[in-house]
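# Survey of secondary and tertiary structure
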Amino acid sequence: MLKTFVGMIIGSMMTMLLLGGASTADQVLANAQTLYLDQLNRPDGTTTLLLLVVLSIFMGALTLWPAKPVKETEKVIKRLRRHCK
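Residues numbered from 1 in each chain as written. Predicted model: local features only at pLDDT ≥ 70, side-chain atom pairs only at ≥ 80, totals over all residues. Heavy atoms only, no water.

### Observations concerning the overall build of the protein
Counting secondary structure elements, the protein contains 4 helices and 0 strands. Walking the protein from its N terminus toward its C terminus, one meets helices and strands in the order α-α-α-α. Each principal axis of the C-alpha atoms in the protein carries an extent, and together these give about 85 × 35 × 20 Å. By residue count, 2% of the 85 residues in the protein fall in the buried class. Split by element, the accessible area of the protein, about 8500 Å² in all, is 70% carbon and sulfur. The positive charge centre, built from 10 side chains, and the negative charge centre, built from 5, are 28 Å apart in the protein. (Helix = DSSP H or I, 4+ residues; strand = E, 2+ residues; numbered from the N terminus. Buried < 20%, exposed > 50% of the residue type's maximum accessible area, 1.4 Å probe, protein only. Areas by Shrake-Rupley, 256 points an atom, 1.4 Å probe, with all protein chains shown as cover. Lys, Arg positive; Asp, Glu negative; His and termini not counted. Charge placed at Lys NZ, Arg CZ, Asp CG, Glu CD.)

### Digging into the confidence of the model for the protein
Scored by pLDDT, the protein has a mean of 78; 92% of the residues are at 70 or more. At the level of individual helices and strands, the protein shows its lowest average pLDDT in helix α2 (residues 22-41), which scores 77, and its highest in helix α3 (residues 45-63), which scores 86. (pLDDT = per-residue confidence, 0-100.)

### Remarks on a positive patch on the surface
A cluster of basic side chains, namely K75, K78, R79, R81 and R82, defines a positive patch on the protein surface. Relative to the assigned elements, K75 resides in helix α4 (residues 73-84). (Patch = residues over 30% accessible without salt bridge, like charges linked within 9 Å, V, L, I, M, F, W, Y side chains within 5 Å. Salt bridge = Lys/Arg side-chain N within 4 Å of Asp/Glu carboxyl O.)

### Quick look at a nonpolar patch on the surface
Nonpolar side chains collect at one region of the surface, where L2, F5, V6, I9, I10, M13, M14 and L17 lie side by side and expose about 780 Å² of accessible area between them. Structurally, F5 can be placed in helix α1 (residues 2-19).

### A word on the environment of Y36
Relative to the elements of secondary structure, Y36 occurs in helix α2. On the basis of relative accessible area, Y36 is assigned to the exposed category, the value being 55%. For the pair Y36 and V53, spaced 17 residues apart in sequence, the C-alpha to C-alpha distance is 24 Å.

Next comes the structure, spelled out in structure tokens:
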């Protein structure tokens, strides 16, 4: 799959160079950067909703995480006395 992905990138770069040269490649790169920065600045509603759902599930799982039971100190002291004798 990685070979296919790299092949697609190399193929698209070669096509850009053959059709329009470096100026076309620069224009495509500038368009991609603009689109990327635009989406970073204002995420769409689905992304925000998905992020909120994932965070709420994570926080709920943390609150329901089983706590380690606290041992009574008397039982611990008795066990320690048995081992020390």
